[in-house]
Amino acid sequence: MAASAAVTANYVLKPPPYPLDALEPHMSKQTLEFHWGKHHRAYVDNLKKQVLGSELEGKPLEHIIQNSYNNGDLLPPFNNAAQAWNHEFFWESMKPGGGGKPSGELLALLERDFTSYEKFYDEFNAAAATQFGAGWAWLAYADNKLKVVKTPNAVNPLVLGSFPLLTIDVWEHAYYLDFQNRRPDYIKTFMNNLVSWEAVSSRLEAAKAASA
Amino acid sequence: MAASAAVTANYVLKPPPYPLDALEPHMSKQTLEFHWGKHHRAYVDNLKKQVLGSELEGKALEHIIQNTYNNGDLLPPFNNAAQAWNHEFFWESMKPGGGGKPSGELLALLERDFTSYEKFYDEFNAAAATQFGAGWAWLAYADNKLKVVKTPNAVNPLVLGSFPLLTIDVWEHAYYLDFQNRRPDYIKTFMNNLVSWEAVSSRLEAAKAASA
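Residues numbered from 1 in each chain as written. Chains lettered and ligands numbered in written order. Predicted model: local features only at pLDDT ≥ 70, side-chain atom pairs only at ≥ 80, totals over all residues. Heavy atoms only, no water.

What about the UniProt feature "domain: Manganese/iron superoxide dismutase C-terminal" (unreviewed entry) in chain B?
- The feature "domain: Manganese/iron superoxide dismutase C-terminal" (unreviewed entry), as annotated in UniProt, sits at residues 102-203 of chain B in this numbering.
- Taken end to end, residues 102-203 of chain B has its terminal C-alpha atoms 14 Å apart, with 46% of it in helix and 23% in strand. (UniProt positions renumbered as here; feature names shortened; annotations may be inferred. Helix = DSSP H or I, 4+ residues; strand = E, 2+ residues; numbered from the N terminus.)

With respect to the domain arrangement of chain A
Residues and elements named next belong to chain A.
- Here chain A is described as being made up of domain 1 (28-93) and domain 2 (104-210).
- Counting from both sides, the interface comprises 22 residues of domain 1 and, opposite them, 27 residues of domain 2.
- Here domain 1 meets domain 2 over a buried area of about 1,900 Å², counting both sides, of which 62% is carbon and sulfur.
- Among the residues of domain 1 in contact with domain 2, F89, F90 and S93 are the three that bury the most area, contributing 29% of the side total.
- Viewed at the interface, domain 2 and domain 1 are joined by zero salt bridges. (Domains from an automatic or database assignment. Contact = heavy atoms within 4.5 Å. Buried area = accessible area lost by both parts, 1.4 Å probe. Salt bridge = Lys/Arg side-chain N within 4 Å of Asp/Glu carboxyl O.)

Digging into empty space enclosed by the protein
- The tally for this structure, following the rule as stated, stands at one cavity of 30 Å³ or more.
- Volume-wise, the largest cavity comes out at about 50 Å³.
- Lining the largest cavity are G133(A), A134(A), W171(A), E172(A), G133(B), A134(B), W171(B) and E172(B).
- Its residues assigned to classes, the lining of the largest cavity comprises four nonpolar, two polar and two charged. (1 Å grid on protein atoms, 1.4 Å probe; cavity = no way out; pocket = protein on both sides within 12 Å on 5 of 7 lines; lining within 4 Å. Points joined across faces, edges and corners; volume = space filled by probe spheres on them. Nonpolar A, V, L, I, M, F, W, Y, C, P; charged D, E, K, R; others polar.)

A look at the UniProt feature "binding site: Mn(2+)" (unreviewed entry) in chain B
Residue and element names in this part refer to chain B.
- Mapped onto this numbering, the UniProt entry annotates "binding site: Mn(2+)" (unreviewed entry) at H35, H87, D169 and H173. Of the residues just listed, which span 139 residues, no C-alpha pair is farther apart than 12.1 Å, and they cluster in one region.
- Structurally, H35 can be placed in helix 2 (residues 29-51).
- Setting aside chain neighbours within four positions, we find H35 in contact with H40, H87, F90, W91, D169, H173 and A174.
- One can find D169 in strand 3 (residues 163-169).
- Excluding residues within four positions of it along the chain, D169 makes contact with H35, H87, F90, G135, W136, A174 and Y186.
- Polar side-chain contacts of D169 include one of 2.9 Å to the backbone nitrogen of W171. (Polar contact = N/O pair within 3.5 Å; in protein donor to acceptor, adjacent residues only side chain to side chain.)

Some remarks on the sheet that holds strand 1 (residues 135-142) of chain B
Residues and elements named next belong to chain B.
- Reading across from one edge, 2-1-3 is the order of the three strands in this open sheet, with antiparallel pairing throughout. Both outer strands of the open sheet, strand 2 (145-152) and strand 3, are each paired with one neighbouring strand and no more. Geometrically, the sheet is characterised by an average inter-axis angle of 25 degrees between neighbouring strands, direction not taken into account.
- Sheet analysis places strand 1 next to strand 3, joined by six bridges and oriented antiparallel. When the bridges of strand 3 are listed, A140 appears paired with P164. (Pairing = 2+ DSSP bridges. Axes fitted to C-alpha atoms, helices over the stretch in contact; angles between N-to-C directions.)

In C-alpha coordinates:
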(Lines give C-alpha, C1' and ligand atoms only; values in the text may rest on other atoms or scores of the structure.)
Protein backbone atom coordinates (compact mmCIF):
# COMPACT_ATOMS: atom_id res chain seq x y z
CA MET A 1 0.00 0.00 0.00
CA ALA A 2 2.79 2.44 0.82
CA ALA A 3 4.37 1.65 -2.54
CA SER A 4 1.02 2.31 -4.29
CA ALA A 5 0.58 5.59 -2.48
CA ALA A 6 4.06 6.70 -3.51
CA VAL A 7 3.48 5.80 -7.14
CA THR A 8 0.08 7.42 -7.51
CA ALA A 9 1.90 10.57 -6.45
CA ASN A 10 3.42 10.35 -9.94
CA TYR A 11 0.18 11.69 -11.30
CA VAL A 12 1.04 15.24 -10.43
CA LEU A 13 -0.32 18.58 -11.44
CA LYS A 14 2.99 19.95 -12.71
CA PRO A 15 2.98 23.75 -12.94
CA PRO A 16 3.71 25.33 -16.31
CA PRO A 17 7.42 26.17 -16.78
CA TYR A 18 6.67 29.89 -16.30
CA PRO A 19 4.53 31.95 -13.90
CA LEU A 20 0.78 32.02 -14.60
CA ASP A 21 0.95 35.62 -15.81
CA ALA A 22 4.02 35.15 -18.01
CA LEU A 23 2.13 34.60 -21.25
CA GLU A 24 0.25 37.88 -21.05
CA PRO A 25 -1.10 39.65 -22.99
CA HIS A 26 -1.44 36.69 -25.35
CA MET A 27 -2.92 34.27 -22.83
CA SER A 28 -4.16 35.87 -19.63
CA LYS A 29 -3.27 34.96 -16.08
CA GLN A 30 -7.00 34.45 -15.50
CA THR A 31 -7.05 31.82 -18.23
CA LEU A 32 -4.06 30.02 -16.73
CA GLU A 33 -5.65 30.14 -13.27
CA PHE A 34 -8.77 28.39 -14.56
CA HIS A 35 -7.25 26.25 -17.28
CA TRP A 36 -4.32 24.93 -15.24
CA GLY A 37 -5.67 25.57 -11.75
CA LYS A 38 -9.13 24.06 -12.27
CA HIS A 39 -9.44 22.05 -15.50
CA HIS A 40 -5.99 20.42 -15.58
CA ARG A 41 -6.05 19.91 -11.81
CA ALA A 42 -9.42 18.13 -12.03
CA TYR A 43 -8.15 15.69 -14.66
CA VAL A 44 -5.22 14.76 -12.41
CA ASP A 45 -7.34 14.47 -9.26
CA ASN A 46 -10.04 12.47 -11.01
CA LEU A 47 -7.48 10.15 -12.60
CA LYS A 48 -6.00 9.36 -9.21
CA LYS A 49 -9.41 8.49 -7.80
CA GLN A 50 -10.26 6.47 -10.87
CA VAL A 51 -7.19 4.20 -10.86
CA LEU A 52 -6.95 3.78 -7.10
CA GLY A 53 -7.12 0.09 -6.27
CA SER A 54 -7.19 -0.98 -9.92
CA GLU A 55 -4.52 -2.76 -11.94
CA LEU A 56 -3.70 0.56 -13.57
CA GLU A 57 -2.71 2.13 -10.26
CA GLY A 58 0.93 3.17 -10.33
CA LYS A 59 1.32 2.65 -14.06
CA PRO A 60 2.86 5.49 -16.09
CA LEU A 61 0.43 7.87 -17.71
CA GLU A 62 1.37 6.78 -21.25
CA HIS A 63 0.65 3.17 -20.31
CA ILE A 64 -2.81 4.05 -19.03
CA ILE A 65 -3.48 6.10 -22.17
CA GLN A 66 -2.44 3.31 -24.54
CA ASN A 67 -4.28 0.62 -22.60
CA SER A 68 -7.54 2.46 -22.16
CA TYR A 69 -7.78 3.85 -25.71
CA ASN A 70 -9.11 0.45 -26.78
CA ASN A 71 -9.17 1.31 -30.51
CA GLY A 72 -11.44 4.27 -29.90
CA ASP A 73 -13.96 2.40 -27.74
CA LEU A 74 -12.62 4.30 -24.76
CA LEU A 75 -12.34 2.70 -21.35
CA PRO A 76 -13.18 4.98 -18.40
CA PRO A 77 -9.68 6.13 -17.39
CA PHE A 78 -8.77 7.28 -20.90
CA ASN A 79 -10.26 10.77 -20.80
CA ASN A 80 -8.68 11.80 -17.51
CA ALA A 81 -5.31 10.20 -18.29
CA ALA A 82 -5.05 11.62 -21.78
CA GLN A 83 -6.22 15.07 -20.72
CA ALA A 84 -3.67 15.11 -17.87
CA TRP A 85 -0.96 14.23 -20.41
CA ASN A 86 -2.24 16.64 -23.07
CA HIS A 87 -2.35 19.62 -20.73
CA GLU A 88 1.16 19.14 -19.39
CA PHE A 89 2.35 18.83 -22.99
CA PHE A 90 0.43 22.01 -23.91
CA TRP A 91 1.98 24.20 -21.17
CA GLU A 92 5.39 22.99 -22.26
CA SER A 93 4.56 23.79 -25.90
CA MET A 94 4.49 27.48 -25.01
CA LYS A 95 6.90 30.03 -23.58
CA PRO A 96 6.92 33.76 -22.91
CA GLY A 97 8.25 35.56 -25.97
CA GLY A 98 7.61 32.50 -28.10
CA GLY A 99 6.05 32.09 -31.49
CA GLY A 100 7.19 33.09 -34.95
CA LYS A 101 9.31 31.10 -37.36
CA PRO A 102 11.75 28.43 -36.12
CA SER A 103 15.25 28.09 -37.55
CA GLY A 104 17.88 25.45 -38.19
CA GLU A 105 16.93 21.82 -38.60
CA LEU A 106 13.34 22.29 -37.54
CA LEU A 107 12.75 24.93 -40.22
CA ALA A 108 14.45 22.73 -42.79
CA LEU A 109 12.18 19.80 -41.92
CA LEU A 110 9.04 21.96 -41.98
CA GLU A 111 10.09 23.21 -45.42
CA ARG A 112 10.80 19.68 -46.54
CA ASP A 113 7.47 18.24 -45.38
CA PHE A 114 5.15 21.22 -45.94
CA THR A 115 6.97 23.07 -48.79
CA SER A 116 7.33 26.20 -46.65
CA TYR A 117 6.82 27.44 -43.10
CA GLU A 118 3.84 29.43 -44.38
CA LYS A 119 2.19 26.28 -45.74
CA PHE A 120 2.75 24.53 -42.41
CA TYR A 121 1.34 27.58 -40.59
CA ASP A 122 -1.80 27.55 -42.77
CA GLU A 123 -2.28 23.80 -42.39
CA PHE A 124 -1.84 23.90 -38.62
CA ASN A 125 -4.20 26.88 -38.32
CA ALA A 126 -6.81 25.15 -40.50
CA ALA A 127 -6.64 21.95 -38.45
CA ALA A 128 -7.02 23.87 -35.20
CA ALA A 129 -9.87 25.97 -36.59
CA THR A 130 -11.83 23.08 -38.04
CA GLN A 131 -11.66 20.58 -35.19
CA PHE A 132 -15.41 20.68 -34.49
CA GLY A 133 -16.36 20.66 -30.84
CA ALA A 134 -13.61 19.99 -28.33
CA GLY A 135 -10.15 18.77 -29.26
CA TRP A 136 -6.53 19.51 -30.15
CA ALA A 137 -4.34 20.21 -33.15
CA TRP A 138 -0.82 18.78 -33.32
CA LEU A 139 2.45 18.79 -35.15
CA ALA A 140 3.53 15.15 -35.03
CA TYR A 141 6.34 12.94 -36.28
CA ALA A 142 6.03 9.47 -37.76
CA ASP A 143 7.97 7.49 -40.37
CA ASN A 144 10.58 10.23 -40.56
CA LYS A 145 7.96 12.78 -41.60
CA LEU A 146 6.34 15.76 -39.92
CA LYS A 147 2.57 16.07 -40.22
CA VAL A 148 -0.35 18.08 -38.87
CA VAL A 149 -3.05 16.11 -37.05
CA LYS A 150 -6.31 17.14 -35.37
CA THR A 151 -7.99 15.06 -32.69
CA PRO A 152 -11.33 15.16 -30.86
CA ASN A 153 -11.82 15.51 -27.12
CA ALA A 154 -8.92 13.80 -25.29
CA VAL A 155 -7.42 11.82 -28.17
CA ASN A 156 -3.73 12.43 -28.91
CA PRO A 157 -1.17 11.20 -31.46
CA LEU A 158 0.29 8.66 -29.00
CA VAL A 159 -2.68 6.39 -29.64
CA LEU A 160 -2.50 7.03 -33.38
CA GLY A 161 1.08 5.82 -33.64
CA SER A 162 2.96 9.08 -33.94
CA PHE A 163 5.16 11.24 -31.72
CA PRO A 164 3.55 14.51 -30.63
CA LEU A 165 5.85 17.54 -31.10
CA LEU A 166 3.53 20.53 -30.55
CA THR A 167 -0.07 21.02 -29.55
CA ILE A 168 -2.73 23.68 -29.26
CA ASP A 169 -5.76 23.07 -27.06
CA VAL A 170 -8.94 24.05 -28.93
CA TRP A 171 -11.43 23.11 -26.24
CA GLU A 172 -13.36 26.34 -25.71
CA HIS A 173 -12.11 26.58 -22.12
CA ALA A 174 -8.64 27.22 -23.56
CA TYR A 175 -9.60 30.51 -25.21
CA TYR A 176 -13.06 31.62 -24.16
CA LEU A 177 -12.08 34.13 -21.46
CA ASP A 178 -9.55 35.81 -23.78
CA PHE A 179 -11.08 35.40 -27.23
CA GLN A 180 -14.69 34.20 -26.75
CA ASN A 181 -15.89 32.83 -30.11
CA ARG A 182 -12.81 34.05 -31.99
CA ARG A 183 -10.92 30.77 -32.21
CA PRO A 184 -8.95 31.81 -35.35
CA ASP A 185 -7.56 34.84 -33.47
CA TYR A 186 -6.51 32.58 -30.59
CA ILE A 187 -4.75 30.21 -32.97
CA LYS A 188 -2.85 33.03 -34.70
CA THR A 189 -1.85 34.47 -31.34
CA PHE A 190 -0.57 31.05 -30.26
CA MET A 191 1.46 30.64 -33.46
CA ASN A 192 2.79 34.20 -33.56
CA ASN A 193 3.50 34.73 -29.86
CA LEU A 194 3.52 31.55 -27.78
CA VAL A 195 4.95 28.46 -29.48
CA SER A 196 8.16 27.17 -27.89
CA TRP A 197 10.19 25.90 -30.83
CA GLU A 198 12.86 24.84 -28.34
CA ALA A 199 10.42 22.38 -26.83
CA VAL A 200 9.42 21.17 -30.30
CA SER A 201 13.08 20.64 -31.30
CA SER A 202 13.87 18.71 -28.19
CA ARG A 203 10.81 16.48 -28.64
CA LEU A 204 11.86 15.90 -32.25
CA GLU A 205 15.30 14.76 -31.12
CA ALA A 206 13.70 12.36 -28.66
CA ALA A 207 11.34 11.07 -31.34
CA LYS A 208 14.19 10.46 -33.80
CA ALA A 209 16.19 8.65 -31.13
CA ALA A 210 13.20 6.50 -30.22
CA SER A 211 12.58 5.66 -33.89
CA ALA A 212 16.21 4.75 -34.61
CA MET B 1 -33.49 31.68 -58.68
CA ALA B 2 -35.87 34.10 -56.97
CA ALA B 3 -37.63 31.09 -55.45
CA SER B 4 -34.32 29.75 -54.13
CA ALA B 5 -33.35 33.08 -52.66
CA ALA B 6 -36.71 33.33 -50.91
CA VAL B 7 -36.42 29.84 -49.48
CA THR B 8 -32.88 30.11 -48.15
CA ALA B 9 -34.27 33.03 -46.17
CA ASN B 10 -35.93 30.25 -44.14
CA TYR B 11 -32.59 29.64 -42.49
CA VAL B 12 -32.98 32.54 -40.15
CA LEU B 13 -31.30 33.57 -36.97
CA LYS B 14 -34.50 33.77 -34.93
CA PRO B 15 -34.07 35.83 -31.76
CA PRO B 16 -34.80 34.16 -28.43
CA PRO B 17 -38.40 34.72 -27.28
CA TYR B 18 -37.20 37.22 -24.63
CA PRO B 19 -34.68 40.12 -24.54
CA LEU B 20 -31.01 39.15 -24.30
CA ASP B 21 -30.84 40.36 -20.68
CA ALA B 22 -34.05 38.68 -19.56
CA LEU B 23 -32.44 35.55 -18.15
CA GLU B 24 -30.17 37.46 -15.76
CA PRO B 25 -28.75 36.82 -13.28
CA HIS B 26 -28.90 33.12 -14.23
CA MET B 27 -27.56 33.52 -17.75
CA SER B 28 -25.95 36.86 -18.49
CA LYS B 29 -26.74 39.27 -21.30
CA GLN B 30 -23.07 39.00 -22.25
CA THR B 31 -23.47 35.25 -22.71
CA LEU B 32 -26.56 35.71 -24.88
CA GLU B 33 -24.78 38.37 -26.97
CA PHE B 34 -21.96 35.94 -27.75
CA HIS B 35 -23.87 32.67 -27.74
CA TRP B 36 -26.81 33.86 -29.85
CA GLY B 37 -25.20 36.85 -31.53
CA LYS B 38 -21.96 35.15 -32.61
CA HIS B 39 -22.08 31.36 -32.27
CA HIS B 40 -25.68 30.72 -33.34
CA ARG B 41 -25.47 33.41 -36.01
CA ALA B 42 -22.35 31.79 -37.49
CA TYR B 43 -24.04 28.39 -37.78
CA VAL B 44 -26.93 29.96 -39.70
CA ASP B 45 -24.67 32.06 -41.96
CA ASN B 46 -22.31 29.17 -42.65
CA LEU B 47 -25.21 26.82 -43.39
CA LYS B 48 -26.59 29.24 -45.97
CA LYS B 49 -23.23 29.46 -47.71
CA GLN B 50 -22.77 25.72 -47.53
CA VAL B 51 -26.09 24.73 -49.19
CA LEU B 52 -26.17 27.51 -51.78
CA GLY B 53 -26.35 25.96 -55.20
CA SER B 54 -26.61 22.41 -53.88
CA GLU B 55 -29.60 20.07 -53.93
CA LEU B 56 -30.13 20.83 -50.24
CA GLU B 57 -30.74 24.51 -50.93
CA GLY B 58 -34.23 25.48 -49.86
CA LYS B 59 -34.88 22.23 -48.01
CA ALA B 60 -36.26 22.36 -44.50
CA LEU B 61 -33.67 22.31 -41.73
CA GLU B 62 -34.88 18.97 -40.37
CA HIS B 63 -34.58 17.49 -43.87
CA ILE B 64 -30.96 18.61 -44.12
CA ILE B 65 -30.22 17.25 -40.65
CA GLN B 66 -31.73 13.83 -41.39
CA ASN B 67 -30.09 13.59 -44.81
CA THR B 68 -26.61 14.56 -43.72
CA TYR B 69 -26.42 12.55 -40.51
CA ASN B 70 -25.52 9.55 -42.66
CA ASN B 71 -25.57 7.08 -39.73
CA GLY B 72 -22.96 9.08 -37.88
CA ASP B 73 -20.55 9.42 -40.84
CA LEU B 74 -21.50 13.07 -41.05
CA LEU B 75 -21.75 14.88 -44.35
CA PRO B 76 -20.48 18.48 -44.36
CA PRO B 77 -23.74 20.40 -43.83
CA PHE B 78 -24.74 18.39 -40.76
CA ASN B 79 -22.86 20.35 -38.12
CA ASN B 80 -24.12 23.75 -39.19
CA ALA B 81 -27.69 22.57 -39.81
CA ALA B 82 -27.99 20.65 -36.55
CA GLN B 83 -26.37 23.42 -34.52
CA ALA B 84 -28.73 26.00 -36.05
CA TRP B 85 -31.67 23.78 -35.07
CA ASN B 86 -30.27 22.93 -31.61
CA HIS B 87 -29.69 26.54 -30.65
CA GLU B 88 -33.15 27.75 -31.64
CA PHE B 89 -34.57 24.83 -29.66
CA PHE B 90 -32.35 25.76 -26.70
CA TRP B 91 -33.47 29.42 -26.49
CA GLU B 92 -37.08 28.23 -26.60
CA SER B 93 -36.36 25.70 -23.84
CA MET B 94 -35.81 28.59 -21.43
CA LYS B 95 -37.82 31.52 -20.13
CA PRO B 96 -37.38 34.29 -17.56
CA GLY B 97 -38.67 33.06 -14.21
CA GLY B 98 -38.51 29.48 -15.38
CA GLY B 99 -37.21 26.35 -13.76
CA GLY B 100 -38.42 24.33 -10.83
CA LYS B 101 -40.87 21.47 -10.85
CA PRO B 102 -43.54 21.13 -13.55
CA SER B 103 -47.14 20.21 -12.79
CA GLY B 104 -50.08 18.42 -14.34
CA GLU B 105 -49.60 15.83 -17.05
CA LEU B 106 -45.90 16.54 -17.51
CA LEU B 107 -45.16 15.92 -13.84
CA ALA B 108 -47.24 12.76 -13.95
CA LEU B 109 -45.28 11.44 -16.92
CA LEU B 110 -41.92 12.32 -15.34
CA GLU B 111 -43.02 10.45 -12.21
CA ARG B 112 -44.20 7.53 -14.31
CA ASP B 113 -40.98 7.22 -16.35
CA PHE B 114 -38.38 8.27 -13.78
CA THR B 115 -40.14 7.32 -10.48
CA SER B 116 -40.01 10.91 -9.26
CA TYR B 117 -39.16 14.42 -10.45
CA GLU B 118 -36.05 14.26 -8.26
CA LYS B 119 -34.86 11.10 -10.03
CA PHE B 120 -35.43 12.81 -13.40
CA TYR B 121 -33.57 15.89 -12.15
CA ASP B 122 -30.61 13.78 -11.04
CA GLU B 123 -30.52 11.80 -14.27
CA PHE B 124 -30.73 14.91 -16.44
CA ASN B 125 -28.02 16.64 -14.38
CA ALA B 126 -25.76 13.60 -14.61
CA ALA B 127 -26.19 13.33 -18.38
CA ALA B 128 -25.40 17.01 -18.84
CA ALA B 129 -22.42 16.83 -16.48
CA THR B 130 -20.88 13.73 -18.02
CA GLN B 131 -21.19 14.54 -21.72
CA PHE B 132 -17.41 14.71 -22.27
CA GLY B 133 -16.25 17.51 -24.55
CA ALA B 134 -18.93 19.42 -26.45
CA GLY B 135 -22.55 18.36 -26.65
CA TRP B 136 -26.08 18.50 -25.32
CA ALA B 137 -28.35 16.78 -22.82
CA TRP B 138 -32.01 16.20 -23.65
CA LEU B 139 -35.36 15.13 -22.36
CA ALA B 140 -36.85 13.19 -25.27
CA TYR B 141 -39.96 11.21 -26.12
CA ALA B 142 -40.15 7.92 -28.03
CA ASP B 143 -42.45 4.90 -27.92
CA ASN B 144 -44.72 6.68 -25.47
CA LYS B 145 -41.90 7.05 -22.95
CA LEU B 146 -39.83 9.97 -21.67
CA LYS B 147 -36.09 9.49 -21.46
CA VAL B 148 -32.89 11.43 -20.85
CA VAL B 149 -30.33 11.39 -23.66
CA LYS B 150 -26.88 12.96 -24.04
CA THR B 151 -25.31 13.67 -27.41
CA PRO B 152 -21.87 14.81 -28.64
CA ASN B 153 -21.14 17.94 -30.65
CA ALA B 154 -24.11 18.71 -32.94
CA VAL B 155 -25.99 15.42 -32.69
CA ASN B 156 -29.60 15.63 -31.54
CA PRO B 157 -32.46 13.16 -30.85
CA LEU B 158 -34.05 13.77 -34.26
CA VAL B 159 -31.40 11.57 -35.86
CA LEU B 160 -31.71 9.00 -33.09
CA GLY B 161 -35.44 8.46 -33.71
CA SER B 162 -36.92 10.39 -30.80
CA PHE B 163 -38.72 13.70 -30.29
CA PRO B 164 -36.70 16.31 -28.44
CA LEU B 165 -38.65 18.00 -25.62
CA LEU B 166 -35.97 19.95 -23.69
CA THR B 167 -32.29 20.62 -24.11
CA ILE B 168 -29.33 22.13 -22.31
CA ASP B 169 -26.26 23.17 -24.30
CA VAL B 170 -23.11 21.91 -22.58
CA TRP B 171 -20.59 23.20 -25.09
CA GLU B 172 -18.28 25.31 -22.93
CA HIS B 173 -19.29 28.46 -24.84
CA ALA B 174 -22.76 28.10 -23.26
CA TYR B 175 -21.50 28.62 -19.70
CA TYR B 176 -17.88 29.71 -19.64
CA LEU B 177 -18.41 33.46 -19.23
CA ASP B 178 -20.86 32.92 -16.34
CA PHE B 179 -19.58 29.74 -14.69
CA GLN B 180 -16.11 29.00 -16.14
CA ASN B 181 -15.28 25.38 -15.26
CA ARG B 182 -18.30 24.95 -12.99
CA ARG B 183 -20.55 23.04 -15.35
CA PRO B 184 -22.58 21.40 -12.53
CA ASP B 185 -23.50 24.84 -11.16
CA TYR B 186 -24.64 25.91 -14.64
CA ILE B 187 -26.79 22.81 -14.99
CA LYS B 188 -28.45 23.33 -11.59
CA THR B 189 -29.09 26.98 -12.42
CA PHE B 190 -30.69 25.96 -15.70
CA MET B 191 -32.92 23.40 -14.00
CA ASN B 192 -33.84 25.59 -11.03
CA ASN B 193 -34.28 28.93 -12.79
CA LEU B 194 -34.55 28.70 -16.57
CA VAL B 195 -36.43 25.67 -17.93
CA SER B 196 -39.67 26.53 -19.73
CA TRP B 197 -41.99 23.68 -18.85
CA GLU B 198 -44.63 25.33 -21.04
CA ALA B 199 -42.39 24.80 -24.06
CA VAL B 200 -41.74 21.21 -22.99
CA SER B 201 -45.48 20.52 -22.60
CA SER B 202 -46.33 21.94 -25.96
CA ARG B 203 -43.58 19.91 -27.63
CA LEU B 204 -44.87 16.81 -25.88
CA GLU B 205 -48.35 17.44 -27.27
CA ALA B 206 -46.90 17.77 -30.76
CA ALA B 207 -44.85 14.60 -30.30
CA LYS B 208 -47.88 12.62 -29.15
CA ALA B 209 -49.93 13.89 -32.07
CA ALA B 210 -47.16 13.01 -34.51
CA SER B 211 -46.85 9.52 -33.02
CA ALA B 212 -50.58 8.81 -33.12
